[in-house]
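Each chain is listed here by its residues.
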Amino acid sequence: MSIDIYVCLTVERRPKEGRLDMRVTKAQAEQNRAHIVATASRLFRERGYDGVGVAELMAAAGFTHGGFYKHFRSKADLMAEASASGLSQTVARTEGMAAAEFVEHYVSREHRDGRDDGCTIAALGGDAARQPADIRTEFAAGIENLVAVLQAQSDTPGDADQRAARTMVIDMLAHSVGAIMLSRACPDGSPLADEILDVCRKEILASLAHGNSDQPAARSPEA
């Protein structure tokens, strides 16, 4: 006599090793995207837009290369968003600073050497000039915001005084950015790198002081 024995096995499906058995929430996806943008902003300032590829960038952020296209259509899209983020950081750090204080901080060896954490305008302004219009648009908006913040520190209520203050701020910003770019173009240990910063900082501050002394004195109530 033969006995047939049937054995029923229940197989538990497990996620493949390294794969999370859960979906990424919308909030987590937004945090991941913000982290990628922040990482890109830092790396682009340090190495330039062409100095870091998508795979290396994603690895630095702690993600796989394939995950990039879940967040961005192209590297150019990330470049624009990272630029906007970096420019916003510069504006935020400048709020509350008078023009002279801004120059002291900006035209300094510390800023010159801290490229990855410094001003996006000085770090990527040259690169941005060769990029598509959307990136240059972000730079224009960021520069305009920075000018507005610096201009707001001056007590110039009249229209003519406002125009003069804007002219002064643009001139000061252009000279400050140029000083950093020229200094960075020299070797780190070059005496010229420090000389450029020292000369430019002194001259910009002198120009600011001269401009302030040219402002007409406030009239007394009896005048």
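For the structure itself, look to the data block above.
The following refers to the structure shown. From a predicted model like this one, the values you see are computed outputs, not experimental measurements. (Residues numbered from 1 in each chain as written. Predicted model: local features only at pLDDT ≥ 70, side-chain atom pairs only at ≥ 80, totals over all residues. Heavy atoms only, no water.)

Further remarks concern the overall build of the protein. Counting its regular elements, the protein contains nine helices and zero strands. For the protein, the N- to C-terminal ordering of α and β elements is α-α-α-α-α-α-α-α-α. Among the 223 residues that make up the protein, the fraction classed as buried is 33%. The contacts of the protein with a sequence gap of at least 6 include a subset with a gap of at least 24, amounting to 67%. Put simply, the protein shows about 14200 Å² of open surface, and 54% of that area lies on carbon and sulfur atoms. (Helix = DSSP H or I, 4+ residues; strand = E, 2+ residues; numbered from the N terminus. Buried < 20%, exposed > 50% of the residue type's maximum accessible area, 1.4 Å probe, protein only. Contact = heavy atoms within 4.5 Å. Areas by Shrake-Rupley, 256 points an atom, 1.4 Å probe, with all protein chains shown as cover.)

Before going further, it helps to spend a moment on the pattern of salt bridges. What the rule picks out here adds up to 11 salt bridges. With a closest N to O distance of 2.6 Å, Arg 33 and Glu 81 form a salt bridge. One end of the pair, Arg 33, is in helix α1 (residues 26-47); the other, Glu 81, is in helix α3 (residues 75-94), and 48 residues separate them in sequence. Here the salt bridges share partners, and the residues they tie into one network are Arg 109, Arg 112, Asp 113, Asp 188 and Asp 194. (Salt bridge = Lys/Arg side-chain N within 4 Å of Asp/Glu carboxyl O.)

Turning our attention to the packing of aromatic side chains. Counted according to the given criterion, the structure contains four aromatic pairs. Here Phe 68 and Phe 72 contribute two aromatic rings whose centre-to-centre distance is 5.3 Å and whose plane-to-plane angle is 35°, an arrangement assigned as tilted. The pair formed by Phe 68 and Phe 72 is uniform in burial state, with each residue classed as buried. An aromatic cluster of at least three residues, connected via ring pairs, comprises Phe 68, Tyr 69 and Phe 72. (Phe/Tyr/Trp six-rings, centres within 6.5 Å; stacked < 30°, edge-to-face > 60°.)

Our focus in this paragraph is helix α4 (residues 99-106). Listed in full, the buried residues belonging to α4 are Ala 99, Phe 102, Val 103 and Tyr 106. The buried residues of α4 occupy one face: seen down the axis, they fall within an arc of 100°. (Arc of directions from axis to C-beta.)

With that out of the way, let us pick up the environment of Ala 129. Residue position: Ala 129 is located in the loop between α6 (120-128) and α7 (133-152). The spatial distance from the C-alpha of Ala 129 to the C-alpha of Phe 139 is 9.4 Å, given a sequence separation of 10 residues.

For the rest of this paragraph, the subject is the nonpolar core. Counting 46 residues, the largest nonpolar core has Phe 44, Leu 57, Leu 78, Phe 102, Tyr 106 and Met 172 as its most contacted members. Counting only elements with at least two residues in this core, the list comes to α1, α2 (54-61), α3, α4, α6, α7, α8 (159-185) and α9 (191-213). Ignoring sequence-local partners within four residues, the contact set of Tyr 106 consists of His 111, Cys 119, Ala 122, Ser 176, Val 177 and Ile 180. (Core = buried A, V, L, I, M, F, W, Y, C linked by side-chain atoms within 4.5 Å.)

By themselves, these observations are geometric and do not establish any function.
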